[in-house]
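Residues per chain, in single letters:
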Amino acid sequence: MVRDSKSDHISVCICTYKRPEMLTRALDGVASQVTASAFSFEVVVVDNDSQRSAEDTVRLFQSSNELRIIYDCEPEQNIALARNRAIRNAMGNLIAFIDDDEYTVKDWLAWLYHTMKEYNADGALGPVLPFFPPGAPKWLKDGRFCERKRLSTGSLISTRDMRTGNILFHRHIFEKGDMWFDPVRGRTGGEDGEFLGRQMKKGRRFVWCDEALVFETVPEERWHASFYRKKYFRIGILAGERHRRAQSISLVTKACALLLGYSFLLPFSFLMRK
């Protein structure tokens, strides 16, 4: 990897809500990053709990770590508002995001940084791999419900692949006067994809970095089939909102074909395992 300007400073943003143990592991992962003196970094933690339940966790971590950590609280429970507050607190000319239930490999940030520089992109996005705690059901692992699409490093990202669970941006995409992440979507989801989609329409380029690994814990509440039924139904609604004005015959044809296909397969599904 190429050595770049030492003047670059990255703000790693983590929005959290009542996950002290996971937040500690996320902070441990960020604090262990190997930079080879190519850049400096800090952490911005935004607590989305009005009771400030993450504050003690952050203060305890600060007491035993030299890493600069900025703590703030967004009292209204809304992930878009929390993300926007994190950006306002960030001091870096580059801004990264990971979720509070994720932890990173030691060269995670360096890979994102150098990939973004190498491909002259406005941002770099990396994979989020599932971590299954002991006791997770076998059908969940075998079904690969928690796995996401991966690309080769340097590939341009399409709108459907956009998210903020593992990403590094240039700060210039957060223009003054823009609403950044839309609070209307802050309780339903999809605010990250909508924001990044707007940036792509402005001509901004985002590339994939397959080496920048992040692992997401799959908690027990996600070990049930009902969770995935609700999840994909919600994703379908969000996708429908994006296409509702398209009036595309091809979209209607595709939807009808899928409906017929799944209706045919449904009776056979009762004879199979989960």
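Reading guide: rules and limits
- The numbering scheme is per chain: residues are counted from 1 as the chain's sequence reads.
- The predicted origin of the model limits local features to residues at a pLDDT of at least 70 and limits the giving and counting of side-chain atom pairs to 80 or more, whereas totals for whole chains, interfaces and linings rest on all residues.
- The side-chain values count all of the structure's non-hydrogen atoms but skip hydrogen atoms and water molecules.
- When accessible area is computed with a 1.4 Å probe and restricted to protein chains, residues below 20% of their type maximum are described as buried, those above 50% as exposed, and intermediate ones as partly exposed.
- Secondary structure follows DSSP: runs of H or I at least 4 residues long count as helices, runs of E at least 2 residues long count as strands, and numbering of each begins at the N terminus.
- DSSP calls a pair of strands paired once it identifies at least 2 bridges connecting them.
- Only the stretch in contact is used when fitting a helix axis, every axis being a line fitted to C-alpha atoms; angles between N-to-C directions are given from 0 to 180 degrees.
- Pairs of residues are marked as contacts when any of their non-hydrogen atoms sit within 4.5 Å.
- For the purposes of these results, a polar contact is taken to be a pair of N or O atoms within 3.5 Å, where, inside protein, one atom must be able to donate a hydrogen and its partner to accept one; residues adjacent in sequence count only when each atom of the pair is a side-chain atom.
- Centre distance within 6.5 Å is the pairing criterion for rings of Phe, Tyr and Trp, where only the six-membered ring of Trp is used; planes under 30 degrees apart are then read as stacked, over 60 as edge-to-face, and the remainder as tilted.
- For the handedness criterion, the strands are oriented away from the viewer, and a crossover whose path from the first strand over the helix to the second runs clockwise is classed as right-handed.

## Details of helix 4 (residues 108-118)
Counted residue by residue, helix 4 has 8 buried out of 11 residues, so it is predominantly covered. Immediately beyond the C-terminal end of helix 4, within one or two residues, lies asparagine 120, with a positive phi of roughly 50 degrees.

## Points about the pairing of strand 10 (residues 214-217)
For strand 5 (residues 102-104) and strand 10, the ladder comprises 3 bridges, and the chain directions are antiparallel. Across the sheet, the residue bridging to glutamate 102 is glutamate 216, located in strand 10. Where strand 7 (residues 128-131) and strand 10 come together, 4 bridges link them in parallel fashion. Residue phenylalanine 131 lies in a different strand from strand 10, and its bridge partner there is threonine 217.

## Points about the sheet that holds strand 10
Backbone hydrogen bonds are what pair the strands of a sheet, in a parallel or an antiparallel way. Spatially, 3 strands are ordered 5-10-7 in an open sheet, and the strand pairing comes out mixed. Both edges of this open sheet fall to strand 5 and strand 7, since each of them pairs with a single strand only. Sheet twist, expressed as the average angle between the axes of neighbouring strands with direction ignored, equals 35 degrees. Along the sheet, helix 1 (residues 20-31) contacts strand 5, strand 7 and strand 10; its crossing angle with strand 5, the most-contacted strand, is approximately 20 degrees.

## Some words on the environment of threonine 104
Assignment of secondary structure puts threonine 104 in strand 5. You can call threonine 104 buried: its relative accessible area is 10%. Taking C-alpha positions, threonine 104 is 9.1 Å from arginine 25, a pair spaced 79 residues apart along the chain. Beyond its immediate sequence surroundings of up to four residues, threonine 104 is in contact with Gly29, Val30, Gln33, Ile98, Leu213 and Val214. Only 3.3 Å separates the side chain of threonine 104 from the backbone oxygen of glycine 29, close enough to count as a polar contact. A polar side-chain atom of threonine 104 sits 3.0 Å from a polar atom in the side chain of glutamine 33.

## Focus: the packing of aromatic side chains
Inspection of the entire model under this criterion finds 12 aromatic pairs. Each ring, one from tyrosine 103 and one from phenylalanine 131, has its centre 5.9 Å from the other, and the planes form 80 degrees; the classification is edge-to-face. Taken together, the residues span a long stretch of sequence, with tyrosine 103 in strand 5 and phenylalanine 131 in strand 7 at a distance of 28 residues. Accessibility expressed as a relative area gives 29% for phenylalanine 131, which makes it partly exposed. When the ring of phenylalanine 169 is compared with that of phenylalanine 206, the centres are 6.4 Å apart and the planes differ by 90 degrees; the resulting orientation is edge-to-face. One end of the pair, phenylalanine 169, is in strand 8 (residues 166-170); the other, phenylalanine 206, is in strand 9 (residues 206-208), and 37 residues separate them in sequence.

## Some details on the pairing of strand 3 (residues 69-73)
By the criterion of burial, strand 3 is predominantly enclosed, with 5 of the 5 residues buried. Neither face of strand 3 is open: one carries Ile69, Tyr71 and Cys73, the other Ile70 and Asp72, and all of them are buried. Sheet topology note: the strand 2 (residues 40-47)/strand 3 ladder contains 5 bridges and is parallel. In the sheet register, valine 45 faces strand 3, and the bridge partner there is tyrosine 71. Once the chain exits strand 2 it traverses helix 2 (residues 55-63) before rejoining the sheet at strand 3, and the crossover so formed is right-handed.

Keep in mind that these numbers describe shape and distance, not what the molecule does.
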